[in-house]
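Notes for the structure review
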Amino acid sequence: MKNENDRTLRIIVGRKKKSRVSTAAQRVMKQTMPIPLDDVFESIPVETVSHLDVTLPDEKHIKIKLGESPLEIGREDSCELCLPLHNVSRVHARIILDNEEHIIEDMESTNGTFVNSVRIASCTLKNNDQIRIGEARLVYVREKIQRKA
């Protein structure tokens, strides 16, 4: 026994709407020239920027711009991102730029570095990855912005 919905589906799928394009419009359509998308979008100056949104246990928020130089994260004052928390190692992790991708590496910390709740030794970061270092929460943000002329 066939389902009524099957019959309705076949009727809808079976119908083809015939195109009624005038012969003048057909001539114009034959004369148009395709434009490669690369030519259209190549002129828009775009750059990729990355940063970390850092949230500390006291709800303090910090935004750290990531560049080409490595970013050391740890409890020590000499680290570029100092997290003064008891469960963060002196030099806990670092973020490096490799072939336009940011990589986070655990520096053999006691409590580990977690990306999206998985303990890692090294990991390529993707947009909106959640990083946990001790009690600090970090979000990796990578976005494309239009370059100012």
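Notes on the structure follow. (Residues numbered from 1 in each chain as written. Predicted model: local features only at pLDDT ≥ 70, side-chain atom pairs only at ≥ 80, totals over all residues. Heavy atoms only, no water.)

1. A word on the pattern of salt bridges
- Applying the stated criterion across every chain, the model contains two salt bridges.
- The closest approach of N and O atoms between arginine 94 and glutamate 105, which form a salt bridge, is 2.7 Å. You can see arginine 94 sitting in strand E5 (residues 93-98) and its partner glutamate 105 sitting in strand E6 (residues 101-106), a full 11 residues away along the chain.
- Residue arginine 94 is classed as partly exposed on the basis of its relative accessible area, which comes to 28%.
- A salt bridge links lysine 126 to glutamate 101, with the shortest nitrogen-to-oxygen separation between them at 3.9 Å. Residue lysine 126 is located in the loop between strand E9 (122-124) and strand E10 (129-133), and its partner glutamate 101 is located in strand E6; the two are separated by 25 residues in the primary sequence.
- Take lysine 126: its relative accessible area is 46%, and that puts it in the partly exposed class. (Salt bridge = Lys/Arg side-chain N within 4 Å of Asp/Glu carboxyl O. Helix = DSSP H or I, 4+ residues; strand = E, 2+ residues; numbered from the N terminus. Buried < 20%, exposed > 50% of the residue type's maximum accessible area, 1.4 Å probe, protein only.)

2. Things to note about the layout of surface pockets
- Of the voids in this model, the largest pocket is the one considered here, and its volume is about 210 Å³.
- Mapped by element, the contributors of at least two residues to the lining of the largest pocket are strand E1 (46-55) and strand E2 (61-66).
- Sorting elements by how many residues they give to the lining of the largest pocket places E1 first, with three residues.
- Residues that form the lining of the largest pocket fall into these classes: three nonpolar, four polar and four charged. (1 Å grid on protein atoms, 1.4 Å probe; cavity = no way out; pocket = protein on both sides within 12 Å on 5 of 7 lines; lining within 4 Å. Points joined across faces, edges and corners; volume = space filled by probe spheres on them. Nonpolar A, V, L, I, M, F, W, Y, C, P; charged D, E, K, R; others polar.)

3. So, the sheet that holds strand E3 (residues 71-74)
- If you trace the five strands from one edge of the open sheet to the other, you get E4-E3-E5-E6-E9, paired in mixed fashion. The outermost strands of the open sheet, each flanked by one partner alone, are strand E4 (81-82) and E9. (Pairing = 2+ DSSP bridges.)

4. Quick word on the sheet that holds E10
- A sheet is described by the order of its strands in space; here six strands give the open sequence E2-E1-E11-E10-E7-E8, paired in antiparallel fashion. In this open sheet, the two strands that pair with only one neighbour each are E2 and strand E8 (118-120). Strand-to-strand twist across the sheet, computed as the mean angle between neighbouring axes with direction ignored, equals 30 degrees.
- Pairing between E1 and strand E11 (residues 136-146): 10 bridges, direction antiparallel. When the sheet's bridge partners are listed, glutamate 47 is paired in E11 with isoleucine 145. (Axes fitted to C-alpha atoms, helices over the stretch in contact; angles between N-to-C directions.)

5. Digging into the packing of aromatic side chains
- Counted under the stated rule, the structure contains zero aromatic pairs.
- The ring of phenylalanine 114 is capped by arginine 132, whose NZ or CZ atom sits 4.2 Å from the centre of that ring. (Phe/Tyr/Trp six-rings, centres within 6.5 Å; stacked < 30°, edge-to-face > 60°. Lys NZ or Arg CZ within 6 Å of the ring centre and 35° of its normal.)

6. A look at the side chain of histidine 51
- Here histidine 51 shows up in strand E1.
- Classification of histidine 51 by relative accessible area gives buried; the value is 8%.
- Here aspartate 53 takes part through its side chain, which lies 3.4 Å from a polar atom of the side chain of histidine 51.
- Look past the residues within four positions of histidine 51 in its chain and what remains in contact with it is Lys63, Ile64, Lys65, Leu66, Val139, Tyr140, Val141 and Glu143. (Polar contact = N/O pair within 3.5 Å; in protein donor to acceptor, adjacent residues only side chain to side chain. Contact = heavy atoms within 4.5 Å.)

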